[in-house]
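The primary structure of each chain is shown beneath.
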2 protein chains.
Amino acid sequence: MRERSSRTSPYTVDVVLVTAMGNELAILLTRSATDRERWSLPWRMPQTGETLEAAGARVAQDALGEAPIWMEQIGAFGDAKRHPSDSEMSVAFVGLVPHETASPRGGYTWFPMRDLPPLSPRQRAIVEVATRTIQGRLDQAPIAFRLLPSTFTLSELQQMYELLLGKRLHKASFRRALQAAWLVEPTDEWRSEGRGRPAQLFRYAPKKRRRPHRGVRFDFLYP
Amino acid sequence: MRERSSRTSPYTVDVVLVTAMGNELAILLTRSATDRERWSLPWRMPQTGETLEAAGARVAQDALGEAPIWMEQIGAFGDAKRHPSDSEMSVAFVGLVPHETASPRGGYTWFPMRDLPPLSPRQRAIVEVATRTIQGRLDQAPIAFRLLPSTFTLSELQQMYELLLGKRLHKASFRRALQAAWLVEPTDEWRSEGRGRPAQLFRYAPKKRRRPHRGVRFDFLYP
DNA sequence: CGAATTAGTCAATTTTTGCGACTAAAGTCA
DNA sequence: TGACTTTAGTCGCAAAAATTGACTAATTCG
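Reading the values: rules and limits
Residues numbered from 1 in each chain as written. Chains lettered and ligands numbered in written order. Predicted model: local features only at pLDDT ≥ 70, side-chain atom pairs only at ≥ 80, totals over all residues. Heavy atoms only, no water. Helix = DSSP H or I, 4+ residues; strand = E, 2+ residues; numbered from the N terminus. Expected span 1.5 Å × (residues − 1). Buried < 20%, exposed > 50% of the residue type's maximum accessible area, 1.4 Å probe, protein only. Arc of directions from axis to C-beta. Contact = heavy atoms within 4.5 Å. Near = heavy atom within 4 Å. Polar contact = N/O pair within 3.5 Å; in protein donor to acceptor, adjacent residues only side chain to side chain. Nonpolar A, V, L, I, M, F, W, Y, C, P; charged D, E, K, R; others polar. Least-squares fit on C-alpha atoms with pLDDT ≥ 70 in both. Phe/Tyr/Trp six-rings, centres within 6.5 Å; stacked < 30°, edge-to-face > 60°. Pairing = 2+ DSSP bridges. Axes fitted to C-alpha atoms, helices over the stretch in contact; angles between N-to-C directions. Buried area = accessible area lost by both parts, 1.4 Å probe. Salt bridge = Lys/Arg side-chain N within 4 Å of Asp/Glu carboxyl O.

Residues and elements named next belong to chain B. Counted at 1.5 Å a residue, the expected span for helix H1 (residues 52-64) with its 13 residues is 18 Å, and the 18 Å between its end C-alpha atoms agrees. Looking only at H1, the buried set comprises Leu52, Ala55, Gly56, Val59, Ala60, Ala63 and Leu64. The buried residues of H1 occupy one face: seen down the axis, they fall within an arc of 155°. Looking at the residues trailing H1, positive phi occurs at Gly65, about 80°.

Structure, rendered in structure tokens:
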């Protein structure tokens, strides 16, 4: 146990940086500060006066050299579970990075979600909540778009959704729903990817439209 | 400014206790600890070893004499905005209480959401997030059911949804969706409320069923 | 008793969705 | 070159689900 200065915060800001690597999600880990044999989420103690969002952004900046395109707080984790710091509590963020442009700094490594090294119990819980947040907010925030480069084909977008949802989607239905939502606009570029007809590139460019008149949805409790 | 002991946490746990009073939502406030002229959300400094959930539950306990039937963390609020304590940060919870059985302890008062007294900037932000959380999780958690007594009529349930959504719902559509979701079961009691045919009482009794096969929803960005 | 009021259901119509089949544009290989 | 394969993109029908107004049922009020 290290002595903790009374000037430092007794809580940390931890960030789960997520990317889509090949056909699975991956998160960025670094060597633990206290035990170099173990791995840890990137984190820092916020300085006095620093907002939580600023601290989270700075953690991402230190790890990637750039801010994630999308970041959201996923909560405070203050149970008794241990942490690489001796802090009593962590405020966690999840951030999304397109893999094509993400180049971690030295000491940081992408780990596929399905094959993570041992983490502290608290960080393990944070990662679980992060994955649930990503899946749960898929239809309320542009998650899939933020994991893709700024231009992409519709097949790539569909594959990203299939990866995030863990199930196959029907091409025509997917595109019909996408068109109705006015979320993408075509560029005048096309990409030929080996075989087959070239695909048009699109960019994320949401347009305002009026909310569809919908009744209540009793969607909770689906196990 | 009070001197802060180094033993106390530099963060507080604040709880937004929500009830449905008449036909609008209300939250529970108490006199501010530092300035008795002002009002404040109930809060406390968690003790070392106490989990955040336990601290939140205890705040509710102190205010109501009982635990809310449903409570959820809504995040950490650590910006520079001031708080009745001098803490740098607050972890906030939202809890739901049926108004019929809720009897606040002395010093605590229900305030309608649309007519709140001045609060500290941070607590104002917490209340805003709490209301958005309630609306946003309406179809993922049994929010409306937790604001009602344990048995209720379907008209009462529909009115609660109308209050929470801020719009009228069609009776037949509401009931069809409710039936399809297997969330309520009838009791053998009926209630005659003045005029009209008596209504059957129901209780919240969700049953497992298989998830309906649904495509993607691009629901975000509706303004 | 009849009018008014609230509960609860039905059924026609419209909207949304799932899905197979189709055309288009490229590469591969004989 | 030309048949075949592969991927992109679209069309249209059938099935499922939602919206809505109208209907029946049971009670109170006067």
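Here the narrative resumes, following the displayed structure.
Turning to the environment of Gly65 of chain A, a few remarks are in order. Note on placement: Gly65 of chain A falls in the loop between helix H1 (52-64) and strand E5 (70-77). Residue contacts for Gly65 of chain A: discarding those within four places in its chain leaves Ala60 and Arg105 of chain A.

Right, let's talk about the protein's contact with DNA strand C for a bit. As a matter of local geometry, DNA strand C sits amid 25 residues, with His170, Arg176 and Arg195 of chain A together with Lys171 and Gln200 of chain B nearest to it. Of all DNA strand C atoms lying within 4 Å of any protein atom, the proportion belonging to sugar or phosphate reaches 57%. A distance of 2.8 Å separates a phosphate oxygen of DNA strand C from a polar atom in the backbone of Gln200 of chain B. Elements with a minimum of two residues in the surface near DNA strand C: helix H5 (171-181) of chain A together with helix H5 (171-181) and strand E10 (199-204) of chain B. Tallied by class, the residues present in the surface near DNA strand C amount to 6 nonpolar, 9 polar and 10 charged.

Now for the protein's contact with DNA strand D. In the region of DNA strand D, 25 residues are neighbours, and Lys171 of chain A together with His170, Ser173, Arg176 and Arg195 of chain B sit closest. Sugar and phosphate atoms represent 61% of those atoms of DNA strand D found within 4 Å of the protein. Here a base oxygen of DNA strand D and a backbone polar atom of Gly196 of chain A are 3.4 Å apart. Mapped by element, the contributors of at least two residues to the surface near DNA strand D are H5 and strand E10 (199-204) of chain A together with H5 of chain B.

A word on the relation of the copies chain A and chain B. Placing chain A over chain B gives an RMSD of 0.1 Å and needs a rotation angle of 180°, together with 0.1 Å of translation along the axis. Seen this way, the second copy is the image of the first under a two-fold rotation axis. Ranked by how close their C-alpha atoms come to the rotation axis, the residues of chain A are headed by Gly75 of chain A, at 2.2 Å. Same-surface contact between copies: 100% of interface residues of chain A are shared with the interface of chain B.

To continue, consider the packing of aromatic side chains. Evaluation of the coordinates by the stated rule reveals 12 aromatic pairs over all chains. For the pair Tyr161 of chain B and Phe174 of chain B, a centre-to-centre distance of 5.6 Å together with 65° between the ring planes defines the contact as edge-to-face. Taken together, the residues span a long stretch of sequence, with Tyr161 of chain B in helix H4 (residues 154-165) and Phe174 of chain B in helix H5 at a distance of 13 residues. Taken individually, Tyr161 of chain B and Phe174 of chain B each receive the classification buried, so the pair is uniform in this respect. Grouping aromatic residues by their ring pairs yields a cluster made of Phe145, Phe152 and Tyr204 of chain A.

Bringing the sheet that holds E10 of chain B into the picture now. Residues and elements named next belong to chain B. Taken in spatial order, the 3 strands line up as E8-E10-E9 in an open sheet, and their pairing is antiparallel. Among the strands making up the open sheet, the edge pair consists of strand E8 (151-153) and strand E9 (184-191). Here the average twist between neighbouring strands, direction ignored, is 40°. Bridge count for E8 against E10 is 3 bridges, and the pairing is antiparallel. Within E10, the position partnered with Thr151 by the bridge is Arg203. Packing against the sheet, H4 makes contact with E8, E9 and E10, and its axis sits at approximately 85° to E8.

Residues and elements named next belong to chain A. With antiparallel pairing, the 3 strands of this open sheet are ordered in space as E8-E10-E9. Of all strands in the sheet, those with a lone pairing partner are strand E8 (151-153) and strand E9 (184-191), marking the two edges. Averaged over all pairs of adjacent strands, the angle between strand axes in this sheet comes to 40°, irrespective of strand direction. On top of the sheet, helix H4 (residues 154-165) reaches E8, E9 and E10; it is set at about 85° to E8, its chief contact.

To continue, consider the interface of chain A and chain B. Reports of interface size often rely on the accessible area that becomes lost once the parts have come together. With 46 residues of chain A at the contact, the number on the chain B side is 47 residues. In total, chain A and chain B occlude about 4200 Å² of area from one another, counting both sides; carbon and sulfur atoms represent 64% of this. Put simply, chain A and chain B have 0 salt bridges between them. Connecting chain A to chain B are 4 residue pairs in polar contact (both at pLDDT 80 or more). Those elements that provide at least two residues to the side of chain A that touches chain B are E5, strand E6 (89-96), H4 and H5 of chain A. Of the residues that constitute the side of chain A that touches chain B, the class distribution is 28 nonpolar, 6 polar and 12 charged.

Geometric values such as these leave the question of function open.
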